[in-house]
Amino acid sequence: MSERPKDFPGDAQLSALYREHARDEPSVEIDERILAAARAAVTVPVSAARRSWWQRWRTTLALTTTLTLTLTLALLQQRLPGDSRREAEVAPPRPVAPGSALPSAARDVAAPAASAPAGVTGDAVAGAGAAAVGVAPRPQAREESSVGQRLAQPAGGSGPRPADGDTPHREGRLAGGRQEVVPESSAAAGKEGNALPAAAAAAPAAASAEQQTAAVGQPPAARQQARAVAKSRADDGRSADDWLEEIRALRREGRNADAAKQLADFRRVHPDYPLPEEFRQ
Amino acid sequence: MQTDWSDERLMLAYRAGDANAFTILYRRHRGPLYRYLARQCGSAAEADELHQDVWLKVVHARRQYEPLARFLTWLFRIARHRLIDHYRQHARHLLAHYEAAADEDAEGSEDWIERLPAASEEMPHVLHERHDTARRISLALAELPPLQREVFLLAEEGQLTLEEIAAATGCGRETTKSRMRYALVRLRKSLQDLL
């Protein structure tokens, strides 16, 4: 209370009377409302003041973690198909079971990750790689031999041109070719050095012959369509025509055994492809 | 003890975020401010509303508060402005007297003071309890011209000096002194038998 100056026109009696009877006050509800508003005005919001670093950053952390996981999974998914293809390339072609038709073999090649034929699994397939490669051409070689044709071509011209995704074993076969010109049948027999059971060889040979006959017997439109399909269904990025060209090159180099094996592989991959005249012998 | 702090220190503490300081400040001045408003507007319900508005203005204006003058001067100035707003909405004839008095000398105010309506017509609740002493005091106050009543109430309820009342009402010191003198004469006359 301030000191009142002497010239203040006060009246002590009147003042005392007034103060004695001045008892009016605001209601308790009004008091509570005002005090609550005053407290609320200076109270720091709990959400801003008491939140720990974890509460403040948890949304960001969750988003970052989710993003990282998603990216990792996406990268893994990208890598997986490539790995399976690489495995398929490394893995040798499975032997064609006696009695099975060629299209089924073609399906195996088209889907390399598919299960191996019954009775041939895991290491057995890998271990029988070279033999499996050699099994298919043999009947064809016999067929060619039976026709009596000799696939002797002068060496020269452009060499074999392995495709980008060509496999080691295929490269090995191409590199391991010989320059001497020998009859296909004797070359195949001499190279493999083992005789196949007649029953095992007869079925694929018959199937191959049927395929060839069927292909030859197709109408021109169907043949063209098949050729287009075969072209589009490239093996390791290599079209059927390119493959045939490579086989021609092998023949020109005199590597008839390799050429025969390539041709057999080609027939497995492209059973519906109408072979040019020179390969039908 | 925080209860011994001055009003200004408490208000500064509240500005800094101490809600208890405001509670002490409020409990110290809730009665005087309420009575000032109740005597001036003449209605308990309106006084409640005005009282709440004034204190909420204090809460909202805390950041701008500077102890350049006494807290009570600042508080009653806010109350007076709110009261004038109230007159503007509900009693424009009283507002006209306030506006006219702003430029008028206290000695020349006798004319419009005499023309003021009887307080009993505006305050039925005061008439209703006429026989009680407190009510007689209220009636005597209600019969005062608003500006005289205002000065008396600021001096009694707010314990303001002439200079502080002059600052709160925007009038000169001498004008305030005259209004105070007139108010005391009238009250003494009305309450003579009680003194």
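Just above, that's the structure.
We now turn to the structure provided with this report. (Residues numbered from 1 in each chain as written. Chains lettered and ligands numbered in written order. Predicted model: local features only at pLDDT ≥ 70, side-chain atom pairs only at ≥ 80, totals over all residues. Heavy atoms only, no water.)

On a plain count of helices and strands, chain A comes out with 14 helices and zero strands. Starting at the N terminus, the α and β elements of chain A follow one another as α-α-α-α-α-α-α-α-α-α-α-α-α-α. Put simply, chain A has 281 residues, and 34% of those count as buried. Here the contacts in chain A between residues at least 6 apart in sequence split such that 79% fall between residues at least 24 apart. Accessible area of chain A: about 15,900 Å², with a carbon and sulfur share of 57%. (Helix = DSSP H or I, 4+ residues; strand = E, 2+ residues; numbered from the N terminus. Buried < 20%, exposed > 50% of the residue type's maximum accessible area, 1.4 Å probe, protein only. Contact = heavy atoms within 4.5 Å. Areas by Shrake-Rupley, 256 points an atom, 1.4 Å probe, with all protein chains shown as cover.)

The next subject is the interface of chain B and chain A. Taken together, the contact between chain B and chain A spans 45 residues of the former and 33 residues of the latter. When chain B packs against chain A, close to 3,600 Å² is buried across both sides, 60% of that on carbon and sulfur atoms. Together, Arg-30, Glu-156 and Gln-159 of chain B form the three largest contributors to the area buried by chain B at its contact with chain A, with a combined 15%. Run the count over chain B and chain A and you get five salt bridges. Across the pair Asp-31 of chain A and Arg-30 of chain B runs a salt bridge, and its minimum N-O distance is 2.6 Å. In this assembly, chain B and chain A are joined by 14 residue pairs in polar contact (both at pLDDT 80 or more). At the level of elements, helix H2 (19-41), helix H3 (44-60), helix H9 (133-143), helix H10 (146-156), helix H11 (162-169) and helix H12 (173-190) of chain B are the ones that each hand at least two residues to the side of chain B that touches chain A. Among the elements that make up the side of chain B that touches chain A, the one with the highest residue count is H2 of chain B (ten residues). (Buried area = accessible area lost by both parts, 1.4 Å probe. Salt bridge = Lys/Arg side-chain N within 4 Å of Asp/Glu carboxyl O. Polar contact = N/O pair within 3.5 Å; in protein donor to acceptor, adjacent residues only side chain to side chain.)

Attention shifts here to H3 of chain B. The end-to-end C-alpha distance of H3 of chain B is 24 Å, a good match for the 24 Å that 17 residues give at a rise of 1.5 Å each. All of the buried residues along H3 of chain B are Ala-47, Asp-48, Leu-50, His-51, Gln-52, Val-54, Trp-55, Val-58 and Val-59 of chain B. (Expected span 1.5 Å × (residues − 1).)

On to a nonpolar patch on the surface. Among the surface-exposed residues, Trp-53, Trp-54, Trp-57 and Leu-61 of chain A lie close enough to one another that they form a single nonpolar patch of about 490 Å² accessible area. Relative to the assigned elements, Trp-57 of chain A resides in helix H4 (residues 53-90). (Patch = residues over 30% accessible without salt bridge, like charges linked within 9 Å, V, L, I, M, F, W, Y side chains within 5 Å.)

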